[in-house]
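Coordinates in review
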Amino acid sequence: DSGCNHNELENMSSVIPGWFSEISPMWPGEAHSLKVEKILFQGKSEYQNVIVFQSSTYGKVLVLDGVIQLTERDECAYQEMITHLPLCSIPNPKKVLVIGGGDGGVLREVSRHASVEQIDICEIDKMVIDVSKQFFPRVAVGYEDSRVTLHIGDGVAFLKAVPQGTYDAVIVDSSDPIGPAQELFKKPFFESVAKALRPGGVMCTQAESIWLHMHIIEDIVSNCRQIFKGSVNYAWTTVPTYPSGVIGFMLCSTEGPTVDFKHPVNPIDADESHCKSNGPLKFYNSEMHTAAFCLPSFAKKVIDSK
Ligand code: SAM
């Protein structure tokens, strides 16, 4: 007995006034909520609705089409893992491409790697970049690195035009597969990524939640196993403000020098020179790296069978 009688339940408002509730068909029947102190920005770009609000416990929050993209408090977990899982798995990454990631957080993390010479980013929505520079300076700081070249456009088209074998790493920091990011989860896109990578190059892509999206993950894994002839591994981490509190990453390498994703060969925590401009890492370390590939049995069974 919950202590609530039937009438009390019926009177409960589905949206609590003064709170942001993340309601989406991608996670039916549940909605994580954050208390709103103040709405700082509301706009509509060519691609999506953009909101920034001050929350009472997670700092400022960026929301695209009703879905939380980042909060100041927990963005470190996502940005550090999606970046250092691939870049610490190969020696001396030099050319890196980021697809999506308009907030600049992945750029900030890539720029910690001294070996990197070129960082290209292709984000579809200029409004996300502008809003991040205005409201999230500690995230958008990534744009200040002189190695960064910004391209505003669709990541799918951008990748098709990339000459074969250009990049050591491609990081796909996309939103969910409803809206502009839909194509970033499909087979033709993964084929372009594989072509754009040098032999033994690596891809890391945002790959949803094992609690909510096993069906999407199954498709991503089976597509990637067909396309990437090197290693194919699923990793995950915790991000409290993402649906179900976890987010996964698909890590793949092309045929060539073997990449053992589970054992980083380029540990960033060994050298602290990267902390000068960006501050210390808050979340990633080599133990977290290896642990990220341990899967709960229910997910392991499905992922290994694909
Ligand atoms: N970095 C964020 C975090 O900390 O959680 C994750 C989300 S990031 C804001 C996702 C970005 O992908 C959005 O800015 C969105 O505009 C962009 N995007 C979606 N579809 C895209 C596409 N087809 N090409 C390029 N960028 C795209």
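Let me begin by describing the structure that accompanies this report. If you're wondering where the values come from, they're calculated on a predicted model, not measured in any experiment. (Residues numbered from 1 in each chain as written. Predicted model: local features only at pLDDT ≥ 70, side-chain atom pairs only at ≥ 80, totals over all residues. Heavy atoms only, no water.)

1. Regarding unusual backbone geometry
Heads up, the condition is: Note on classification: 1.4 Å probe, protein chains only; a residue is buried when its accessible area is under 20% of the maximum for its type, exposed when over 50%, partly exposed between these limits.
Residue Asp65 is not a glycine yet carries a positive backbone phi of 45 degrees. With a relative accessible area of 40%, Asp65 lands in the partly exposed category.

2. Structural notes on the site of the ligand
The following threshold applies: Whether a residue is near a molecule or strand is decided by its heavy atoms; if any one of them lies within 4 Å of it, the residue is near. N or O atoms within 3.5 Å of each other form a polar contact, as long as, within protein, one can give a hydrogen and the other can take it, and as long as residues adjacent in sequence are counted only when both atoms are side-chain atoms. Note on areas: Shrake-Rupley, 1.4 Å probe, and residue coverage restricted to the protein chains presented here. Only protein atoms enter the 1 Å grid, on which a cavity is a set of points fitting a 1.4 Å probe that cannot get out and a pocket is an open set with protein on both sides within 12 Å along at least 5 of 7 lines, lining residues being those with an atom within 4 Å of a point. If over half the atoms of a molecule are within 2 Å of the grid points of a cavity or pocket, the molecule is regarded as sitting in it. Each residue gets one label: Ala, Val, Leu, Ile, Met, Phe, Trp, Tyr, Cys and Pro are nonpolar, Asp, Glu, Lys and Arg are charged, and the others, such as Gly, are polar.
Looking at the ligand, there are 24 residues lining it, with Gln69, Asp103, Glu123, Asp173 and Tyr242 nearest. Gly155 has a polar backbone atom sitting 2.9 Å from a nitrogen atom of the ligand. Take Ala181: an N or O atom from its main chain is 3.3 Å from a nitrogen atom of the ligand. Within the complex, the protein chains bury 99% of what would otherwise be the 590 Å² of accessible surface of the ligand. The cavity where the ligand resides is the largest cavity. Along the lines of polarity and charge, the residues of the shell around the ligand split into 10 nonpolar, 9 polar and 5 charged.

3. Description of the sheet that holds strand 6 (residues 95-100)
The condition that has to hold: By the convention used here, strands pair only if DSSP detects at least 2 bridges between them. Numbered from the N terminus, helices here are DSSP runs of H or I no shorter than four residues, and strands are runs of E no shorter than two. Where helices are involved, their axes are fitted lines through C-alpha atoms of the stretch in contact, as for all axes, and angles between N-to-C directions lie from 0 to 180°. Contacts are residue-level and defined by heavy atoms, with any inter-residue pair within 4.5 Å sufficient.
Taking strand neighbours across the sheet as the criterion, the 7 strands line up as 8-7-6-9-10-12-11 in an open arrangement whose pairing is mixed. Each edge of the open sheet is held by one strand with a lone partner, namely strand 8 (148-152) and strand 11 (232-238). Direction aside, the axes of adjacent strands within the sheet are offset by 15 degrees on average. The strands touched by helix 2 (residues 75-87) are strand 6, strand 9 (167-173), strand 10 (197-206), strand 11 and strand 12 (246-253); relative to strand 9, the strand with the most contacts, the crossing angle is about 155 degrees.

4. Some points on the side chain of Asp74
This is how the line gets drawn: Charge assignment: positive for Lys and Arg, negative for Asp and Glu; neither His nor the chain ends contribute. Salt bridges are counted wherever a side-chain nitrogen of Lys or Arg sits within 4 Å of a carboxyl oxygen of Asp or Glu.
As for its position among the elements, Asp74 is in the loop between strand 5 (67-71) and helix 2. It turns out Asp74 is buried and unbridged, and the closest side chain with the opposite charge, Arg73, is 7.1 Å from it.

5. As for the nonpolar core
Defined as follows: Only buried residues count toward a nonpolar core, which is a set of Ala, Val, Leu, Ile, Met, Phe, Trp, Tyr and Cys residues joined through side-chain atoms within 4.5 Å.
Within the largest apolar cluster, 42 residues are counted, with the highest numbers of intra-cluster contacts made by Ile99, Phe189, Cys224, Phe228 and Met250. Looking at which element gives the most residues to this core, the answer is helix 8 (residues 214-227), with 7 residues. Apart from the residues lying within four places of it in its own chain, the contact partners of Phe189 are Ile99, Gly155, Val156, Leu159, Val172, Glu183 and Leu184. Listed in part, the 39 residues of the second largest apolar core include Val98, Val202, Leu281 and Phe293.

6. Some points on empty space enclosed by the protein
With a probe scaled to a water molecule rolled over the atoms, the places where space remains empty come into view. What counts here: Grid points are joined across faces, edges and corners, and a volume is the space filled by probe spheres set on the points.
All chains considered together, the criterion is met by 1 cavity of 30 Å³ or more. Roughly 490 Å³ of internal volume is contained in the largest cavity. The wall of the largest cavity is formed by 42 residues, among which Gln69, Asp173, Ser174, Ser175 and Asp176 lie closest to the centre. Looking at the lining of the largest cavity, the elements that each hand over two or more residues are strand 4 (60-64), strand 5, helix 2, strand 6, strand 7 (118-123) and strand 12. For the lining of the largest cavity, the leading source of residues is strand 5, giving 5 residues. Considered class by class, the residues forming the lining of the largest cavity number 19 nonpolar, 15 polar and 8 charged.

7. Section: the layout of surface pockets
Taken as a whole, the largest pocket spans an internal volume of roughly 240 Å³. Along its surface, the largest pocket is lined by 14 residues, and Glu75, Arg108, Arg138, Val139 and Lys282 are the ones closest to its centre. Every element with two or more residues in the lining of the largest pocket is listed here: helix 2, helix 3 (105-110) and helix 5 (137-140). Partitioned by chemical class, the residues of the lining of the largest pocket number 5 nonpolar, 1 polar and 8 charged.

8. Some words on the packing of aromatic side chains
Filter applied, for reference: Only rings of Phe, Tyr and Trp enter the pairing, Trp through its six-membered ring, and a pair is recorded when the two centres are within 6.5 Å. The plane angle decides the type: under 30 degrees is stacked, over 60 is edge-to-face, the rest tilted. Only Lys NZ and Arg CZ are tested; either one counts as a charge over a ring when it is within 6 Å of the ring centre and within 35 degrees of the ring normal.
For the structure on display, the rule yields 6 aromatic pairs. Residues Tyr78 and Tyr242 carry aromatic rings whose centres are separated by 5.5 Å and whose planes lie at 85 degrees to one another, so their mutual orientation is edge-to-face. Linking Tyr78 in helix 2 with Tyr242 in the loop between strand 11 and strand 12, this pair joins segments that are 164 residues apart in sequence. The burial state of Tyr78 is the same as that of Tyr242; both residues are buried. Aromatic rings pair up to connect Tyr78, Tyr242 and Phe249 into one cluster. The ring centre of Tyr58 lies 4.3 Å from the NZ or CZ of Arg73, which sits over that ring.

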